[in-house]
Amino acid sequence: MEKNAKIYVAGHRGMVGSAIYRKLIKEGFSNIITRTSAELDLRDQQSVKDFFEAEKPEYVFLAAAKVGGIVANNTYRADFLYENLCIQNNVIHQAYQNSVTKLMFLGSSCIYPKLAPQPLKEEYLLTGLLEETNEPYAIAKIAGIKMADAYRDQYACNFISVMPTNLYGYNDNYHPQNSHVLPALIRKFHEAKVNGTPEVTIWGSGSPMREFLFADDLAEACYFLMQNYNDAGFVNVGTGTDLTIKDLALLIKRIIGFEGTLTFDSSKPDGTPRKLMDVSKLHELGWKHQIELEEGIKLAYQDFLEKHV
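All chains use their own residue numbering, which begins from 1 and follows the written sequence. Thresholds applied to this predicted model are a pLDDT of at least 70 for local features of residues and 80 or more for the giving and counting of side-chain atom pairs; totals over whole chains, interfaces and linings are not thresholded and use all residues. Only hydrogens and water are set aside when side-chain values are computed; all heavy atoms of the structure are taken into account.

Caption draft 1: Focus on the pairing of strand β4 (residues 102–106). Taken across its five residues, β4 has five buried, putting it largely inside the fold. Burial along β4 is two-sided: the residues Lys102, Met104 and Leu106 and Leu103 and Phe105 are all buried. Strand direction decides the pairing type here: strand β3 (residues 59–62) and β4, joined by four bridges, are parallel. Residue pairing across strands places Tyr59 opposite Lys102, the latter belonging to β4. By convention, orient the strands away from the viewer: a clockwise path from the first strand over the helix to the second makes the crossover right-handed. Counting from the N terminus, the helices are DSSP H or I runs at least four residues long and the strands are E runs at least two residues long. Between β4 and its parallel partner strand β5 (residues 159–164), the chain crosses via helix α5 (residues 135–155), and the hand of that crossover is right-handed. Think of it in three bands: residues with accessible area under 20% of the maximum for their type are buried, residues over 50% are exposed, and the middle band is partly exposed, with areas taken using a 1.4 Å probe on protein chains only. In this analysis, strands are considered paired if DSSP registers two or more bridges between them.

Right, here's the structure in full:
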């Protein structure tokens, strides 16, 4: 990508899109196009068509999506499937129609089968049944990967896909119902500490294992892959290490300074037992994460304090 290249970051106000935007600015790119969802509804076919024809971006980072945690995914099943399909269909198709030089589609680790072998290799896609609670979102993301590859096959488009593990970081979503586990725990422990609550209840048994990647590390990987990866198929992006939800909760409890007790509500769903990425493909390409979990949680908590307190 040339420094004056016209780059469209779709979803620039979200956690991932904002991290990619910051990375591009840091690297000296000055011709970055953004639109808020109020300015451009990516679900609307005609609006997306008009935007691409008017702006003619050369590079596209497709980081816009309807996202949420287990509760949101399971509650708004039709919305998650319909809206994500609309967004990616419109953007990918118009990128082809308007001769975009290169597009990156960002997916999610929930694309993998619920009981796939661990760690998750890229070739395990579509080898088993999905986790039921977020199946609609996963199906949309799988469709996005396959669509990028299909446009590559049929039209020789340089469209690539990356699959991040669980993300956290600046501009995360701390909504009480719709957030992912790590930001939800940051909020829970902070509020318990401030309010003097003696006990914090964690959803599920605490036994599932999860991997977490700081969003700015993902942005570094996306920038690296946009420069260096031009093949079909997708690339896992993660740390290659995981921990139990219980251990995560204990770590966040310590960082925030909550001194009460923890209980686990086993009546609530655990989700997939384990989701650990095999990141050997990414490492072989020459990229590795920099921000370890404890450091990242401290950075995320500071961001939470600045924006939500």
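So that's the structure; there's more coming.
Caption draft 2: Representation of the nonpolar core. Throughout this description, the term nonpolar core refers to a set of buried Ala, Val, Leu, Ile, Met, Phe, Trp, Tyr and Cys residues connected via side-chain atoms within 4.5 Å. Formed by 41 residues in total, the largest nonpolar core has its most connected members in Tyr8, Leu42 and Phe52. Listing elements by their share of this core, those giving two or more residues are β1 (7–10), α2 (45–55), β3, α4 (77–97), β4, α5 and β5. Examining the composition of this core, we find that seven residues originate from one element, α5, more than from any other. Residue contacts are counted whenever heavy atoms from the two residues lie within 4.5 Å of one another. Setting aside chain neighbours within four positions, we find Leu42 in contact with Tyr8, Ala10, Val48, Ala64, Cys86, Ile87, Asn90 and Val91.

Caption draft 3: Representation of the packing of α4 against α5 within the structure. For helices, the fitted line uses only the C-alpha atoms of the stretch in contact; every axis is such a line through C-alpha atoms, and the angle between N-to-C directions lies from 0 to 180 degrees. Relative orientation of the contacting elements α4 and α5 amounts to 15°, with a least axis distance of 8 Å. When the interaxial angle is binned, α4 and α5 end up roughly parallel. Between α4 and α5 the crossing geometry is right-handed. In contact with Arg77, Phe80, Leu81, Asn84, Leu85, Gln88, Asn89, Ile92, His93 and Tyr96 of α4, α5 contributes Glu135, Pro136, Tyr137, Ile139, Ala140, Lys141, Ala143, Gly144, Met147, Tyr151 and Tyr155. Considering only residue class, the contact of α4 with α5 consists of 13 nonpolar, five polar and three charged. Roughly parallel refers to an angle under 35 degrees, roughly antiparallel to one over 145, roughly perpendicular to one between 65 and 115, and oblique to any angle outside these ranges. Should the near helix be turned anticlockwise from the far one by less than a right angle, the crossing is termed left-handed; should it be turned clockwise, right-handed. Gly counts as polar in this scheme, as do all residues outside two lists: the nonpolar Ala, Val, Leu, Ile, Met, Phe, Trp, Tyr, Cys and Pro, and the charged Asp, Glu, Lys and Arg.

Caption draft 4: Structural view of the pairing of strand β7 (residues 199–203). Side-chain alternation along β7 places Val200 and Ile202 on a buried face and Glu199, Thr201 and Trp203 on a face that remains uncovered. Looking at chain direction, β7 and strand β12 (residues 261–265) are connected through five bridges and run parallel. If you follow Glu199 over to β12, its bridge partner there is Thr261.

Caption draft 5: Structural view of unusual backbone geometry. For the bond from Gln118 to Pro119, the omega torsion is -5°, close enough to zero to count as cis. Note on placement: Pro119 falls in the loop between β4 and α5. Here the phi dihedral of Asn171 falls at roughly 65°; this positive angle occurs in a residue that is not glycine. Here Asn171 lies in the loop between β6 (166–168) and α6 (181–195).

Caption draft 6: Representation of the sheet that holds β4 in the model. Pairing within the open sheet is parallel, and its six strands lie in the order β2-β1-β3-β4-β5-β10. Taken across any chain shown, the strands that pair with only one partner, and hence form the sheet edges, are β2 (32–33) and β10 (234–237). Here helix α7 (residues 215–228) sits on the sheet in contact with β3, β4, β5 and β10, set at roughly 145° to β4.

Caption draft 7: Representation of the side chain of Asp303 in the model. Tracing the backbone through its elements, the reader meets Asp303 in helix α10 (residues 293–308). The class of Asp303 is buried, set by a relative accessible area of 6%. Other than its neighbours up to four places away in sequence, Asp303 contacts Gly169, Tyr170 and Asn171.

Caption draft 8: Region of the structure containing the UniProt feature "domain: NAD-dependent epimerase/dehydratase" (unreviewed entry) in the protein chain. UniProt positions are given in the numbering used here, feature names are shortened, and annotations may be inferred rather than shown by experiment. UniProt annotation of "domain: NAD-dependent epimerase/dehydratase" (unreviewed entry) refers to residues 7–238 when read in the numbering used here. Structurally, residues 7–238 comprises 43% helix and 16% strand, and the distance from its first C-alpha atom to its last is 24 Å.

Caption draft 9: Structural view of the sheet that holds strand β8 (residues 209–210). The strand order across the open sheet formed by three strands is β11-β8-β13, and the pairing between neighbours is mixed. The sheet terminates laterally at β11 (243–244) and β13 (274–275), the two strands that pair on one side only. As judged from the two bridges shared by β8 and β11, these two strands associate in the antiparallel manner. Residue Arg210 lies in a different strand from β11, and its bridge partner there is Leu243.

Caption draft 10: Geometry of α7. Taking 1.5 Å of rise per residue, the 14 residues of α7 would be expected to cover 20 Å, and the 20 Å separating its terminal C-alpha atoms lies within 8% of that figure. Counting buried residues along α7, 11 of its 14 residues qualify, which places the element largely inside the surrounding structure. Of the residues making up α7, those classed as buried are Ala215, Asp216, Asp217, Leu218, Ala219, Ala221, Cys222, Tyr223, Phe224, Leu225 and Met226. Working rule for helices: expected span equals 1.5 Å times residues minus one.

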